[in-house]
Amino acid sequence: MRRRSQLKSKKLLAGPYLFWSVSFVVIPLLMVFYYGLTDESGAFTLDNLAKTTSPENLKALGMALLLSLISTVICLLLAYPLATILAEKNVNQSSFIVLIFILPMWMNFLLRTLAWQTLLEKTGVINNILTFLHLPSLNIINTPYAIVLGMVYNFLPFMVLPIYNVLVKIDPNVIFAARDLGANGFQTFIKVTFPLSLPGVISGITMVFVPALTTFVVSDLLGGGKILLIGNVIEQAFKQGSNWNVGSGLSMVLMIFIIASMAIIAKYDKDGEGTTF
Amino acid sequence: MIRKYAQRIYLALIFILLYAPIVTLIVLSFNKSKTRSKWGGATLKWYSALFQNEQIMNALYTTLLIALVSALIATLIGTAAAIGIQSMKRKMRTVFMGLTNIPMLNAEIVMGISLMLLFIACNMTLGFSTILIAHITFNIPYVILSVMPKLKQTKRATYEAALDLGASPMMAFFKVVFPDILPGVLSGFMLAFTMSLDDFVITHFTKGPGVDTLSTKIYSEVRKGIKPEMYALSTLLFVSVLILLLLINYTPKKTEDQPVPRVITKRSRVFNFVTRRVVPVLLVGVLVFGGFYYGSQGSLNSDNRVIVYNWGEYIDPEVITMFEEETGISVVYEEFETNEIMYPKIQSGAIAYDVVCPSDYMIQRMRENDLLAELNFDNIPNIKYIGDTYLKSSREFDPENKYSVPYCWGTVGILYNKTMVDEPIDSWGVLWDEKYKDNILMQDSVRDAFGVTLKYLGYSLNSTDLDELTAATNLLIEQKPLVQAYVIDQVRDKMIGNEAAIGIIYSGEAIYTQFENENLEYVIPKEGSNIWIDSWVIPKNAEHKENAEAFINFLCRPDIALKNFEYITYSTPNTAAREMIEDEEIRNSKIAFPDESELENCETFKFLGDDADRVYLDFWNKVKSK
C-alpha cells in the first residue's frame, strides 16, 4: 500500500512540468493555428494556407527543403566516420569529446556564422591563402553553397553527438561475434553496426534537418540576401510586414514537416537512446 | 598505420572546420581597424573599451542572468519531471516524452512566434520576463533528457533497501538516488545554460525593446558592422570557458577502475576546491555585483530619464554621457535597424518612447496616424542653429515644422572603387552593366531598391503607378544575376574590403569609407536620387516630454552637433556646427554638403499609404524570390 501511494506522489513531481508545457508549449502552438486559420478581422479563412502555394513561397519552401536535405546528407557523411573514430578512441573522458563540440557554442552563433563571411569573401582569408598558394580562388559567398556550408557548420554537432552516443553503447562483443562468424569489415558494418546505430542516425537527421529547414539567420548572413528560404519569408511576415496571419499560415505548413520528423523519431528511437546528450 | 593517419587527418580537418571561424573572431578582436575587412595592426584597445561600453556590458549581464536563472529553474522542474515520468506507466510516459520532444524538435522560429503570440494575447509586456519564460521552456527538455538515462541506471533495490532500513522517502531519495543522478542533473544544467546563452531566434521574437541579450545585440549590429568590442567580449568569454572546462576535465576523476584506495593528493584537492567552490562563488559574486552595479544605475533616477529610440550607430556615445552629466537626466537608449521595424513598436504603444529619430516619409506616416506630439519650441531654443533650407525641406513631411527637428540628412548614391571602374560614373545605368557582374552591391530595402530603379527609368521615386512599378520590377529581376549581394549597411565594410566595384550607399557612410579606403568615390547619378532627412520627433504617449525636448535641444547645440558629425559622419543640418569643422576638405566636401545644383533631381520619400506599401512589398518579394 505504502509503495503504491508513493508511486502516485512521485508522479505528481511531473505536475509543474505538465503545467508549464501546456501553458508555454501547447497553448502557444494552438495560437499559431488560430492565427493561421483566421484573417485580420478574426474570421475563419484558408487564405493564409493558400498563400503558401504562391510561386514565391513555393520557391522559398522548395529551396529550403533542397538545401536542408543536402546539408543533412553532408552532415551524416561527415559525422558518421567522425563518431566512429571518436567512439573507437575509447577516451575515458567522453565528456572531453562532447566538450570539443559544445565549446564553439560559447562563441555566439551569429558571430560564428558571420566569421564565415570574413573567411569566404572574395578578398577573404581563404582566398588570400589560396592566391598565396597559386590556387584558383573560391567564390561561394552569397551562393547556396555558402548557405549549405553554414548549415553544416552550425548543425554538425547535432549529428555527431547522437551517433557517438549510440556507437559507444554498442557491445564490442557483438562486433567480435560477427567477425568470428566470418563477416568482413564491410559486412559487419552493414549488418551489425549500422542497424544498431540507427536510432542515433535518425535522431541526428531530425536534429539537423529541422533547424536547417527553418533557419533564416544562416541564409541571411551567408546568402547575401539573394536566396530566400521559407524561414526568411516567415520572419519577414512577422517582423517587417507585420502580417501575422500569413506568417502563422506558413508556420503551420512548416509544422507538417516537423510533425513528420517527430513521428519518425517516435518510430525508430522509442527509448530516446539517440538523444543528443 | 595508414588507417590511423587517415583518422588523424580527418579529425584535424573537422577540427579546422569547427574552429576556423573562432580563430577568425579572436584575431579580429585584436584588429586596430574598426571594419572587419581590413587589418589595421594589433591593438588591445577594444578590450579596455569593452568595459566602458555600458550597452554591451548590460547585454552581457542580461544574457548571463537569463542563462543562469532559466537553467536553474529548468533544472528544478526538469529533474522533478524526470523522476515523475520515470515512475509512470508506459502509456503516460510516452505522452510525456512526446511533450518533451516538441520543444526539442520544433523549429525555433515557430516556437518563438508561438510564444510571442501568447505573450501578446495575454497582454504581457515583452521584456526580461518573457525571454526568461521562453528560455525555461526550451531548457526543460534538455534537463529531462539528461536526467532520464541516469534514472534508468539507478537500481530500485537500493532505494527500497534504504526505505526498509527506516529512511524516510525524502531521505532515501537524497542519500541514495540523488547522488546517482547528480551527474545527469549537472550536465542538464550546463546544457541548459549553454543553450540559453547561444539562443538567438527565440529571444529575437520574445524580447521587447529595452532588453537585449548578446545575441540580439549582435544581430542589430550585423547591418552596421559588428563593434570590435563584441569580438573582444566573445574572445574573453570563450577563453574563460575553455579554461574552466579544462580545469573540470582534468580534475582527477574518482573512477571505478581505480582499485588502489584513493589518495587525495594535494593537487586534486586544489582542483576540487577551485571547481566546486571558487568558480560557483565567483560566478554568483559577479552576477550579484553586476546586478547591484547596473541596477543602481537604472533605479537611482528612474523618474528623471528619457527613453531614446534611434538608428544603430547614430550617435557618439560620449554625447549621451555628457548629456547625462550636464542635466542629471539618465538616458535609456534603444536602437532600431529600419523605419519599418521601428513603426509597429511605436504604433503598438507597448513602450512609451520619449524621443525617436525616424526618416522623412515615416514621420509623415506617424503624423498622419496621429502618433506624434507637437514640440514645445520654447524648450528647444537651439533650433536657431538649424539651417533654413533643412527646415524648408522638412515641410514636405511636416508642413508646419511643428513635430520634427532635423538631425541628419544626406543622399543616396553610388560608391565605386576607382581601381575596378575606369570610366567616370554618372548614371544608375552602371547597375545594369554586364561588365560589373557579381561586383554590384544592391540595397536590401524595398523603397531604396525601387527608388533607384524608378529614378533610372525617369519616374518619381514615389510612384504608385502600377505600370511604372511593373517596369521597375522587371528591371530589378533583370539585374539580379549581376548583383553580388543585397545588403543594407554592410555595403560599408564590403566596399572598404574591395569586395565589390559598385555599391549603393548613403552619403554619410561614403565619407567614412573614404577614410578607410582612398580608392572609393561617391557620386549622385544625374537621373537624380533620394535626399533624406532623419529628424527627432516625440511620440504622443511619451512620459518624459520635457526631458525629450531637453535632449533634442542638447543635440542642436553646435559643439555637440559637431562632435556627433565627427563620429557618425552623416551630414549635419546644423549650419553653426558645419562652420566649426576644422578640416577644410570636409567642411566643403561635396559628399557631405552637395551643391544645390546636384540635388535638383533629388526627391524625398513620401509615405504612400498602407495599400501601396503592400504593393511594393509584393513586387519586392517577386524580385527576391526569382
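The rules behind these values
Residues numbered from 1 in each chain as written. Chains lettered and ligands numbered in written order. Predicted model: local features only at pLDDT ≥ 70, side-chain atom pairs only at ≥ 80, totals over all residues. Heavy atoms only, no water. Helix = DSSP H or I, 4+ residues; strand = E, 2+ residues; numbered from the N terminus. Buried < 20%, exposed > 50% of the residue type's maximum accessible area, 1.4 Å probe, protein only. Contact = heavy atoms within 4.5 Å. Areas by Shrake-Rupley, 256 points an atom, 1.4 Å probe, with all protein chains shown as cover. Buried area = accessible area lost by both parts, 1.4 Å probe. Salt bridge = Lys/Arg side-chain N within 4 Å of Asp/Glu carboxyl O. Polar contact = N/O pair within 3.5 Å; in protein donor to acceptor, adjacent residues only side chain to side chain. Nonpolar A, V, L, I, M, F, W, Y, C, P; charged D, E, K, R; others polar. Axes fitted to C-alpha atoms, helices over the stretch in contact; angles between N-to-C directions. Left-handed = near helix turned anticlockwise from the far one by under 90°. Pairing = 2+ DSSP bridges. Parallel < 35°, antiparallel > 145°, perpendicular 65-115°, else oblique. Right-handed = clockwise from strand over helix to strand, strands pointing away. pLDDT = per-residue confidence, 0-100.

## Notes on the overall build of chain A
Thought 1: Of the regular secondary structure elements, chain A holds 13 helices and zero strands.
Thought 2: Taken from N to C terminus, the helices and strands of chain A fall in the order α-α-α-α-α-α-α-α-α-α-α-α-α.
Thought 3: Buried positions account for 53% of the 277 residues belonging to chain A.
Thought 4: Looking at chain A alone, contacts between residues at least 24 apart form 70% of all its contacts between residues at least 6 apart.
Thought 5: Carbon and sulfur atoms make up 69% of the accessible area of chain A, which totals about 12,200 Å².

## So, the interface of chain A and chain B
Thought 1: Between chain A and chain B, the contact holds 98 residues from the first and 111 residues from the second.
Thought 2: Carbon and sulfur atoms make up 69% of the area that chain A and chain B hide from each other, which totals about 9,900 Å².
Thought 3: Counting the contacts that link chain A with chain B gives three salt bridges.
Thought 4: Here chain A is connected to chain B by 25 residue pairs in polar contact (both at pLDDT 80 or more).
Thought 5: A per-class count over the side of chain A that touches chain B returns 58 nonpolar, 23 polar and 17 charged.

## Overview of the side chain of A:T193
Residue and element names in this part refer to chain A.
Thought 1: Here T193 lies in helix α10 (residues 185-214).
Thought 2: Taking relative accessible area as the criterion, T193 reaches 14% and is therefore assigned buried.
Thought 3: T193 has contacts with Y80, L167, I170, I175 and T188, leaving out every residue within four places of it along the chain.

## Here we look at the pattern of salt bridges
All names here are of chain B.
Thought 1: Taken as a whole and judged by the stated rule, the model has 25 salt bridges over all chains.
Thought 2: A salt bridge links E396 to K606; the nearest nitrogen and oxygen atoms lie 3.2 Å apart. Taken together, the residues span a long stretch of sequence, with E396 in the loop between α16 (388-394) and β5 (405-417) and K606 in the loop between α24 (584-587) and α25 (610-625) at a distance of 210 residues.
Thought 3: A relative accessible area of 44% means that E396 is categorised as partly exposed.
Thought 4: D426 serves as the salt-bridge partner of K526, at 3.8 Å between the closest nitrogen and oxygen. Remark: D426 occurs in the loop between β5 and β6 (440-443) and K526 occurs in the loop between β9 (520-523) and β10 (531-536); sequence separation between them is 100 residues.

## Considerations on the packing of helix α9 (residues 172-180) of chain A against α10(A)
All names here are of chain A.
Thought 1: In the contact formed by α9 and α10, the axes pass within 10 Å of each other and the chain directions differ by 145°. Classified by chirality, the crossing of α10 by α9 is right-handed. Residues V174, I175, A178 and R179 of α9 pack against G185, T188, V192, T193 and L196 of α10.
Thought 2: Among the residues making up the contact of α9 with α10, the classes are represented as five nonpolar, three polar and one charged.

## Thoughts on the sheet that holds strand β2 (residues 330-336) of chain B
Residues and elements named next belong to chain B.
Thought 1: Read across the open sheet, the three strands follow the order β2-β1-β3; overall the sheet is parallel. Strands with a single pairing partner mark the edges of an open sheet, and in this sheet they are β2 and β3 (355-356).
Thought 2: Across seven bridges, strand β1 (residues 305-311) lies against β2 in parallel orientation. Across the sheet, V306 pairs through a bridge with V331, a residue of β2.
Thought 3: Seen against the sheet, helix α21 (residues 545-556) touches β1, β2 and β3 and runs at an angle of roughly 55° to β1.

## Description of the packing of helix α4 (residues 55-89) of chain A against α10(A)
Residues and elements named next belong to chain A.
Thought 1: Interaxial distance between α4 and α10 falls to 9 Å at its minimum, and their mutual angle equals 140°. The orientation of α4 relative to α10 falls into the category oblique. For the element pair α4 and α10, the recorded crossing hand is right-handed. The residues of α10 that touch α4, namely those facing A64, L65, S68, L69, T72, C75, L76 and Y80, are F189, T193, F194, S197, V201, I205, V208, F209, A212 and L213.
Thought 2: Of the residues belonging to the contact of α4 with α10, the class tally is 14 nonpolar, four polar and no charged.

## Digging into helix α12 (residues 230-239) of chain A
Thought 1: Across the ten residues of α12(A), eight count as buried, placing the element largely inside the fold.
Thought 2: Inspection of α12(A) places A:I230, A:G231, A:N232, A:V233, A:I234, A:E235, A:A237 and A:F238 among the buried residues, and these make up the whole buried set.

## Considerations on the pairing of β1(B)
All names here are of chain B.
Thought 1: Taken across its seven residues, β1 has six buried, putting it largely inside the fold.
Thought 2: A crossover links β1 with its parallel partner β2, the connecting element being helix α13 (residues 317-327), and its sense is right-handed.
Thought 3: Inspection of the sheet shows β1 paired to β3 by two bridges, in the parallel sense. Bridging across to β3, V308 finds its partner in V355.

## Observations concerning the environment of B:R93
Thought 1: Looking at where B:R93 falls in the secondary structure, it is placed in helix α4 (residues 90-105).
Thought 2: Residues in contact with B:R93, not counting those within four places in the same chain, are B:I85, B:Q86 and B:M88.

## Here's the deal with the confidence of the model for chain A
Thought 1: Considering every residue of chain A, the mean pLDDT works out to 85; 90% of them sit at 70 or more.
Thought 2: At the low end of the mean pLDDT range in chain A sits helix α1 (residues 2-11) of chain A, at 63; at the high end sits helix α2 (residues 15-36) of chain A, at 92.

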